[in-house]
Amino acid sequence: MTKITTLCMFLLGLLPPEVLGFQINFRTLLPRKATHTSPDEMSLEILSTTNSEDNRNPDIEDLTTSYSRSLHTIEQKKNGKQDASSRTTNRKTQRQKQGKLILVRCGQSEFNANQTFTGWNDPSLTDRGIQECQHVARLLQAEGFEIDTVYTSKLQRAIKSAWIILQELDALFLPVFKTFRLNQRMYGSLQGLSKKATAESLGVDSVQAWRRSLKAKPPKLPESDPSHPIHDRRYRDLPRSVIPSSESLLDCQERARPLWEHSIRPDLQAGKTVLVVAHEDSLKGLMREIDDITDDDTQQLRMPKGVPVVYRFDENMEPVVSGGYPGLNHTSGAFLEKPGRISELLLVQEQWKNDVGFQNQHSEKKRRQATLEASMQQLRRQQNLINEFESKNNPLQHIEDEPIQQLVERWTDDPCEFEDYEFFAAVDEEMVTPTVVPVPTKTPGTNPRQDGPFVVLIRHGRTPHNNLGLFTGWEDPPLADGGVDDARNAGRLLRRHGFEFDVVYTSWLTRAIQTAYYVLDELDSVWLPIVKSWRLNERMYGALTGKSKKMVSNEYGEEQLKKWRRGYTIRPPPTSSYSVNYPGNDERRAKHFQDLPISWRESLARSIEQRKLVLHRKFPKTESLADCMDRSIPFYTKCIKEEAVNHGKRVLITSHENAIRGILMHLCDIPEVAMNQLHLPNGLPLVYNVRGRCISLLDDGSGIDPMEVHDFGPAAKYLFKPCEITDDFYDSMMQGGVSKADKNTNGRLSP
């Protein structure tokens, strides 16, 4: 079939002739395994991310490198026989269009607002800063920019600025690389001091020299000072020699140079649109490198907030002046809006608020709604209203109706989308007693750190689809209000128990990414690397996506619905290639898939339609539960375990019920027949102790048995097995202060 399809595409003029003699074996063309060679803290995320980089799962069948790489190999062999002039001509004709670079200064921080030297201190954004970032996103939307890669610093004001922009652009799935090289200039002992008071005490000229001079450094911050970066765990993987105690403007700009040379520039040469969200001084360093600005002119650069600067490049990677508002002096970049415009808009808004009581709405819980979702929510509200009216006007209402009304009104954990406990629950019923980690007795904030390795798995917070009983799958609704609360509550619980993490893994779907972000925000750890992979996506429900159980039952019949519920290997009907639910039609995400084989049928159809060569990958159109396990389990064993767990890292995984089920199936030896009977509550941390090979819950201090609060389904007996008392596990307990007598006390153990 492959040879026939290739021949047809050649006859249509869609493939070059040399392809006919090239046999492609997708089982042997495996992605290269990334190696951690970067000396700084970027190594883990940049080289581990599976968004746009090569996947590293060599035992998963049918994985392949990009087909275009194969064509490139053919061209290299062919060109090797040509003379130098011919090769030069070939390179010119085949040269890819350069990408665009978008520079954005982070929004206003709390220290900006009160005129305090910030540097490497880590204040959060103000309300004005949030609005500035939202405005940036709208400008990018209006111009039609589609971002491919994001770079930001290790400081939360820049990370949160990037988050707000991507959330407004509905692009949270993009890879975000966080590096100290984009940090603001280190202001030494001036950090945390009032600019005005410092100028009055030390002299205006001295302070201005430190702020504006290219080479003048403020006084150093002593390493014994608790606020020195060497005491901050986000920089602990850096050599001590590269952590500054004070920096000149030139030092800060030189720090950013390697990032431009080794990461940003290659991305641009690959045709990517790169967004950099950072700080004024580090952005000046990038501008200085791009435009070859002199030292004297560099001191005159000013980078305003709330307006992006866009660079475009020619085929030689030289910046070209393009349309838009004139950029900064001595630069080729162009503003997307007149500088200062956002300040005028915010001033008018403030006056409007004072005059008419207008309140700006910038809720973290803001979400979009599909038409079906909005309709079903309106129907739910109407039903609740009718129930409330009848209960008030019908004193003879039956008592048995009351729980039904309460069930409709209250938020509950999302039920398992294919749950059907009847045939399994009748087999045997056992009392399940999970291991519960007690609440630390010490003063909050002084609890001992939980040592690794361990893995915490959290199912994403609730979404409107969950509450309405819709099959979600790869559809991408954001968290509902209650879902944001789920995530933040999970973060607070982990913080109370002294948990810290080294790396986070999540899916490409918004609800899982948001859950990871809000958990990290509560842990004051948004700087952690977040590795996003489609292999942690929810099960692909095919033609059932977006439909309720009643809709499916009416369309396919109750018996067929039961088969899909109970079957481990039975797939729902596939979605159409022309459906909006087919992942391959989401062009923004589709171009980031690099570890799926080429679908020759889809490639042929789309190439004929567009009258040019289109190589389309084999995206899933439907999945059984087994299919979902076949991607989530290898991702855990070959990526998460090998890259993090085996190195003693503390891992957080925020994903979806079926993807997490697969990981738990591997970790807890849960049989296939029981997988559809395991229910995972939203936003509940499950702590896997690597040494004890057991799942624990965290005591929330309420005194209520977790099994009375949460429904794990009949398969809970497989999930909550006793911990294995190995030598390593016993040593870890003794280090944590757990005595031998405590081992079997109420199932409460240290993770």
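These numbers were taken from a predicted model, which means no experiment stands behind them. (Residues numbered from 1 in each chain as written. Predicted model: local features only at pLDDT ≥ 70, side-chain atom pairs only at ≥ 80, totals over all residues. Heavy atoms only, no water.)

### Here we look at the packing of aromatic side chains
What counts is decided by this rule: Planes of paired rings set the category: under 30 degrees apart is stacked, over 60 is edge-to-face and the rest tilted, where pairs are Phe, Tyr or Trp rings (Trp by its six-membered ring) whose centres lie within 6.5 Å. Runs of H or I in DSSP of at least four residues are treated as helices and runs of E of at least two as strands, each being numbered from the N terminus. Buried residues are those whose accessible area, probed at 1.4 Å on protein chains only, stays under 20% of the maximum for their type, while exposed residues exceed 50% and partly exposed ones sit between those limits. Placement of a positive charge over a ring is assigned whenever Lys NZ or Arg CZ falls within 6 Å of the ring centre and within 35 degrees of the normal to the ring plane.
This model, assessed by the stated rule, comprises 20 aromatic pairs. Aromatic pair Trp163 and Tyr517: ring centres 3.9 Å apart, planes at 5°, arrangement stacked. Residue Trp163 is located in helix 7 (residues 156-168), and its partner Tyr517 is located in helix 19 (residues 510-522); the two are separated by 354 residues in the primary sequence. Classification of Tyr517 by relative accessible area gives buried; the value is 9%. When the centroid spacing of 4.8 Å and the interplanar angle of 85° are considered together, the rings of Phe593 and Phe619 count as edge-to-face. With Phe593 in the loop between helix 22 (587-590) and helix 23 (600-610) and Phe619 in the loop between helix 23 and helix 24 (625-643), this residue pair connects regions lying 26 residues apart in the sequence. What links up through ring pairs into an aromatic cluster is the set Trp474, Trp508, Trp534, Tyr582, Phe593 and Phe619. Across from the ring centre of Phe117, 5.8 Å away, lies the NZ or CZ of Lys195, which sits over that ring. The side chain of Lys621 reaches across the aromatic face of Tyr582, ending 5.5 Å from its centre.

### Remarks on the environment of Leu174
By secondary structure assignment, the location of Leu174 is in the loop between helix 7 and strand 3 (176-178). Between the C-alpha atoms of Leu174 and His592, which are 418 residues apart in sequence, the distance is 8.8 Å.

### As for the UniProt feature "site: Transition state stabilizer" (unreviewed entry) in the protein chain
Under the convention used in this document: UniProt positions are given in the numbering used here, feature names are shortened, and annotations may be inferred rather than shown by experiment. Note on contacts: a residue pair qualifies if any of its non-hydrogen atoms lie within 4.5 Å across the two residues. Whenever a nitrogen or oxygen atom comes within 3.5 Å of another N or O atom, the pair is scored as a polar contact, on the condition that within protein one atom can donate a hydrogen and the other can accept it, and that pairs from neighbouring residues in sequence are kept only if both atoms are in side chains.
Mapped onto the present numbering, the UniProt feature "site: Transition state stabilizer" (unreviewed entry) falls on His279. With respect to the element layout, His279 can be found in the loop between strand 4 (274-278) and helix 11 (280-291). On the accessibility criterion, His279 (2% relative accessible area) is buried. Among residues more than four places away in sequence, those in contact with His279 are Cys106, Ser153, Leu155, Arg157, Ala158, Leu182, Asn183 and Gln184. Polar side-chain contacts of His279 include one of 2.9 Å to the side chain of Ser153.

### Examining the side chain of Ser248
Inspection of the secondary structure assignment puts Ser248 in the loop between helix 9 (204-212) and helix 10 (249-269). Other than its neighbours up to four places away in sequence, Ser248 contacts Arg185, Leu214, Lys215, Ala216 and Lys217.

### Some points on the sheet that holds strand 12 (residues 650-655)
Rules: Pairs of strands are assigned from DSSP output, requiring at least two bridges between the strands. Throughout, an axis means a line fitted to C-alpha atoms (over the contacting stretch in the case of helices), and angles, computed between N-to-C directions, take values from 0 to 180 degrees.
Strand order in the open sheet formed by 7 strands is 8-14-13-9-12-10-11, and the pairing between neighbours is mixed. Where the open sheet ends on each side, the last strands, each with one partner, are strand 8 (435-437) and strand 11 (530-532). Each strand of the sheet is rotated relative to its neighbour by a mean of 30°, with strand direction disregarded. With respect to the sheet, helix 24 is in contact with strand 9 (454-459), strand 10 (503-506) and strand 12, its orientation differing from that of strand 10 by roughly 165°. Sheet strands touched by helix 25 (residues 657-668): strand 9, strand 12, strand 13 (685-689) and strand 14 (694-698). Its angle to strand 9, the strand with the most contacts, is close to 150°.

### Regarding empty space enclosed by the protein
The test is simple: Using protein atoms alone on a 1 Å grid, points that fit a 1.4 Å probe yet trap it form a cavity, whereas open point sets bounded by protein on both sides within 12 Å along at least five of seven lines form a pocket; residues with an atom within 4 Å of a point count as lining. Grid points are joined across faces, edges and corners, and a volume is the space filled by probe spheres set on the points.
This structure, assessed with the given rule, holds 5 cavities of 30 Å³ or more. A volume near 140 Å³ is recorded for the largest cavity. Along the wall of the largest cavity there are 12 residues; nearest its centre are Trp163, Val176, Lys178, Ile530 and Lys532. In terms of residues, the lining of the largest cavity owes the most to one element, helix 7, which gives 4 residues.

### Concerning the pattern of salt bridges
Put simply, the rule is: By salt bridge we mean one thing: a side-chain nitrogen of Lys or Arg within 4 Å of a carboxyl oxygen of Asp or Glu.
Considering all chains together, one arrives at 37 salt bridges under this definition. Taking the shortest distance from any N to any O, the salt bridge between Arg255 and Glu247 comes out at 2.7 Å. The exposure classification of Arg255 matches that of Glu247, with both residues buried. Ionic pairing is found between Lys638 and Glu642, a salt bridge with its closest N-O pair at 3.7 Å. Taken together, the residues Lys638 and Glu642, both in helix 24 and 4 residues apart, mark about one turn of the helix. Under the relative-accessibility criterion, Lys638 is labelled partly exposed at 24%.

### Here's the deal with unusual backbone geometry
Positive phi values are uncommon outside glycine, yet Asp524 reaches one of about 55°. Mapped onto the secondary structure, Asp524 falls in the loop between helix 19 and strand 11. Phi angles above zero are rare outside glycine, and Arg611 is one such case at about 60°. Along the polypeptide, Arg611 turns up in the loop between helix 23 and helix 24.

### Brief notes about the state of the cysteines
Let me state the cut-off plainly: Cysteine sulfur atoms that pair up within 2.5 Å are treated as a disulfide.
Overall, the coordinates contain 1 disulfide when judged by the stated rule. Residue Cys106 stays outside any disulfide, its sulfur separated by 7.4 Å from that of Cys133, the closest cysteine.

### Observations concerning the packing of helix 6 (residues 127-143) against helix 7
The condition that has to hold: Note on terminology: angles under 35 degrees are roughly parallel, angles over 145 are roughly antiparallel, angles of 65 to 115 are roughly perpendicular, and the others are oblique. Each crossing is labelled by how the near helix is turned from the far one, with a counterclockwise turn of less than a right angle marking it left-handed and a clockwise turn marking it right-handed.
At a closest axis distance of 8 Å, the pairing of helix 6 and helix 7 adopts a crossing angle of 40°. One way to sum up the angle between helix 6 and helix 7 is to call them oblique. In this structure, the crossing between helix 6 and helix 7 has a hand that is right-handed. Across the interface between the two elements, Ile130, Cys133, Gln134, Val136, Ala137, Arg138, Leu140 and Gln141 of helix 6 pack against Ser161, Ile164, Ile165 and Glu168 of helix 7.

### Quick notes on the pairing of strand 12
Strand 12 sits mainly inside the fold: 6 of its 6 residues count as buried. Residues Arg650, Leu652 and Thr654 of strand 12 are buried on one face, and the alternating residues Val651, Ile653 and Ser655, pointing to the opposite face, are buried as well. Where strand 9 meets strand 12, 6 bridges bridge the pair, whose relative direction is parallel. Bridging from a neighbouring strand, Phe454 pairs with Arg650 of strand 12. Sheet topology places strand 10 next to strand 12; 4 bridges connect them, and they run parallel. Across the sheet, the residue bridging to Thr506 is Thr654, located in strand 12.

### Here's the deal with helix 6
For clarity, the cut-off: How far a helix is expected to stretch is found by multiplying one less than its residue total by 1.5 Å.
Between its terminal C-alpha atoms helix 6 stretches 25 Å, which fits the 24 Å expected from 17 residues at 1.5 Å a residue. A positive backbone phi angle near 80° is found at Gly144, which sits one or two residues after helix 6.

### What to know about the nonpolar core
It is characteristic of soluble globular proteins that their nonpolar side chains tend to be buried jointly. Note the following rule: In these notes, a set of buried Ala, Val, Leu, Ile, Met, Phe, Trp, Tyr and Cys residues joined through side-chain atoms within 4.5 Å is what counts as a nonpolar core.
Ranked by internal contacts, the top residues of the largest apolar core, which has 63 residues, are Ile165, Val456, Leu494 and Phe501. Mapped by element, the contributors of at least two residues to this core are strand 1 (101-105), helix 6, helix 7, strand 4, strand 9, helix 18 (481-496) and helix 19. Those residues within four positions of Leu494 in sequence are excluded, and the remaining contacts are Val456, Ile458, Phe499, Phe501, Val519, Leu523, Pro685 and Leu698. Of all hydrophobic cores here, the second largest spans 41 residues; its members include Tyr636, Val645, Ile653 and Leu678.

### What about the environment of Ala644?
In this structure, Ala644 sits in the loop between helix 24 and strand 12. When its relative accessible area of 1% is taken as the criterion, Ala644 is described as buried. The spacing of Ala644 and Val503 is 141 residues in sequence and 7.7 Å in space, taken between C-alpha atoms.

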